Every structure is written in structure tokens, then in C-alpha cells.
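# Structure assessment
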Amino acid sequence: MKEQLPISVLPVPFDWGAGRRGAAAGPEAVLQAGLIRRLQKLGCRVQLRSGDYLPNTDPDRRTSAKLKHWGRVQAMNEALALEAAAAIRAGMFPLAIGGDHSLAIGTVAAAAKTRHRLGVLWIDAHGDLNTPQTSPSGNIHGMALAALLGLGDPRFTGIGGPGAKLNPRHIALVGARELDAGEKELIRELGIACFTMHDIDRYGMARVMENAIRVVADGTDGVHLSFDIDSVDPGEAPGTGTPVRGGLNYREAHLAMEMLHEAAIVTSADLVEVNPLLDNGHRTARLAVELAASFVGERIL
Ligand SMILES: NC(=[NH2+])NCCC[C@H](N)C(=O)O
Ligand SMILES: [Mn+2]
Ligand SMILES: [Mn+2]
């Protein structure tokens, strides 16, 4: 985190951007695993926002094959963007707890309102760079980063105002190991820095994170961390909707968080895709809390 700003924890009990249900129970599981007390113990001032800023999207049935449940996803993100922007205006650090990854459309749009050259570090097994045209699933959580680049449907590129919120030069992906054809094309075309699992195997997490931090911090006026728990290997983090083998090991994930703490560049963050229905006990929710602790400065010695 950049300075020791008070943290506004924004629970987002929502999973209509994903292909399977359950991530909506993620915030409750992460809170039950002791998130708030862990952060407080580390000296953070923490305010837990109740979920009542989110509209009840249950009656909203607007959907289409290429943008599944778009009505609900849009309504959630509009409300979340307002709430995150209010937290930023109040001098707080917004930490959104998901919920599926579509919520980053709202949080990043909010951060980009005050930080006009926002860097984004997207730690994820996936690129989330599909458009409705390239998506193999129609699930909007796989389109979040593309929408923030101004690509895809105006219902989502227009959250928090029309057009692109990010410059592709200020984005780094870390942990990628399952990219769809259209995503690969986009990464090449836009020159997005993508540090894959292959790079992590080859150069080590420390070197990869040094480079990723440079990409998101150089020439920017703030950095948003969007951490998808499926970046971590399913052996450690089984409770997630789209697990992919061959992910970050326990120490690599912690090292990333520790290095971000040291770099002191991050100004807003998401922790997403914890799905307690798929978890092995409370393993994944507990891991999420531990990683958050490393991010705010917990250290071994
Ligand atoms: N945030 C996530 N877990 N995204 C998974 C996306 C999977 C796949 N690429 C899709 O577009 O459907
Ligand atoms: Mn994701
Ligand atoms: Mn993912």
C-alpha cells in the first residue's frame, strides 16, 4: 500500500459474472476467516462497509448468450464504482472482496477517476481480456480487463464514464496460464506486459515481480492491484470457480504480496473469486486472509 491510509473493505457478494455460483459467499467466508482483525493487528485502520450499497439484482433477468446476466453485472458495477469512488474521495484505500472478477470493472473505473494514469497489476491464471465476440463462455468476469481498456460492449466500457480507463502500457499480468485465442492476439497487438507461469518458472517470482512493478509504477500516478485467487495453484486454493493447474505456489503468492508492500505503490485493490462452495474446508478463504496480511506488511521476522 502506498501510505497507511485507512482501508475501506467493500464486500461484493456477487457472482453473476461467473459461470458457476458460489463466489457470492466469498466475502462472508473471507470475513469469517478473520480478515478485519488480522488487518487491525497489523496496525491498519479498517472500516467494514456493509453490503447495503449494492442494489438487489435478483429481479433483473436481462441476459444474452454473449453477455450473460449483463443486467445484474452492470447494476452491481455501477453501484460499486460509486461506493469505491466515495471511499477514495474520503481518503481511504478501497479493498473490494469478491465476488467474481467482473467487479474490477467498477473498482478500477472508480480508481481511474482520480488517477488519470492508473497502473493495473492483474494477478490471475487468466487474462480476462475477452470481448463478447472472443469470449468462449459469455461470462463477463472473463471480459473485465478488456472492458477497462475500452473494448467490448458500451454497457461495460461505459461504467464510471465512457471509454478506456487504462493505457495498455501501464498494465502487467502475472501468473497467466490459460489464455483464449482472442486474448493472446490482444496481448500481442496492444503490447501488454504478460508474465506467464513460464516466465515465473524460468526467472523466478522475485525477478518477475520486480519487472511487473516497474511496468505498473513507472509513469503512473497510482496502481490498482486486482488479485484473482485462481492465480494460486488449486492445491493451495481449491475454492475457486475456474481453477487451472500449475499456478503460483504458496511462497510465490506471499512473495508477490510482500514485494508489493515494500514497493508501496498500490492505491486500491480487489481480492476476488473465492468460492467457499468449492473449497476444501476454509483453506482458500484462509489463504486469502494470509495474503492480505502480507500485502499490508506482515513479515516473517
Ligand atoms: N475471472 C476469471 N476467473 N475469469 C475466467 C475466464 C475464463 C475464460 N477465459 C472465459 O472468458 O470465460
Ligand atoms: Mn480473473
Ligand atoms: Mn482467473
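Further up the page is the structure itself.
Anyway, here's the lowdown on the structure attached to this text. Just so it is clear, the model here is predicted, and its values are computed rather than measured.

At 2.1 to 2.4 Å from the manganese ion (ligand 3) lie its protein donor atoms, namely D124 (OD), H126 (ND1), D228 (OD), D230 (OD) and D230 (OD). Written as a sequence motif, the donor residues of the manganese ion (ligand 3) are D-x1-H-x101-D-x1-D. Between the two metals, the manganese ion (ligand 3) and the manganese ion (ligand 2), the spacing is 3.2 Å, and D124 donates to both. Neither residue differs from the other here; D228 and D230 are each classed as buried.

The next point concerns the site of ligand 1. In the vicinity of ligand 1 lie 13 residues, with D128, N130, S137, D180 and T242 positioned nearest. D128 has a polar side-chain atom sitting 2.9 Å from a nitrogen atom of ligand 1. In this structure, E273 approaches ligand 1 through a side-chain N or O atom, which is 3.3 Å from a nitrogen atom. Isolated, ligand 1 exposes 350 Å² of accessible area, and the fraction of that covered by the protein chains is 94%. A breakdown of the residues in the shell around ligand 1 according to their chemical character gives 1 nonpolar, 7 polar and 5 charged.

A word on helix α7 (residues 181–190). Considered for burial, the residues of α7 that qualify are E183, L186 and I187. Down the axis of α7, the buried side of the element spans an arc of 100°, and every buried residue falls inside it. Of the residues in α7, the exposed ones pointing more than 90 degrees away from the buried face are A181, E185, R188 and E189. Where α7 is buried, its residues touch β5 (171–176) and β6 (193–196).

Quick look at the packing of aromatic side chains now. Overall, the coordinates contain 1 aromatic pair when judged by the stated rule. Look at F93 and F295: their rings are 6.1 Å apart centre to centre, the planes differ by 50°, and that puts the pair in the tilted class. Within this pair, whereas F93 is found in strand β3 (residues 93–98), its partner F295 is found in helix α11 (residues 283–295), the two being separated by 202 residues in sequence. Accessibility expressed as a relative area gives 2% for F93, which makes it buried. Taking relative accessible area as the criterion, F295 reaches 6% and is therefore assigned buried. Across the ring face of W16, the terminal group of R21 is positioned such that the distance to the ring centre comes to 4.1 Å. The ring of W16 has R72 lying over it, and the distance from NZ or CZ to the ring centre is 4.0 Å.

Thresholds applied
Residues numbered from 1 in each chain as written. Chains lettered and ligands numbered in written order. Predicted model: local features only at pLDDT ≥ 70, side-chain atom pairs only at ≥ 80, totals over all residues. Heavy atoms only, no water. Donors = N, O, S within 2.8 Å, 3.2 Å for Na, K, Ca; no water. Buried < 20%, exposed > 50% of the residue type's maximum accessible area, 1.4 Å probe, protein only. Near = heavy atom within 4 Å. Polar contact = N/O pair within 3.5 Å; in protein donor to acceptor, adjacent residues only side chain to side chain. Areas by Shrake-Rupley, 256 points an atom, 1.4 Å probe, with all protein chains shown as cover. Nonpolar A, V, L, I, M, F, W, Y, C, P; charged D, E, K, R; others polar. Helix = DSSP H or I, 4+ residues; strand = E, 2+ residues; numbered from the N terminus. Arc of directions from axis to C-beta. Contact = heavy atoms within 4.5 Å. Phe/Tyr/Trp six-rings, centres within 6.5 Å; stacked < 30°, edge-to-face > 60°. Lys NZ or Arg CZ within 6 Å of the ring centre and 35° of its normal.

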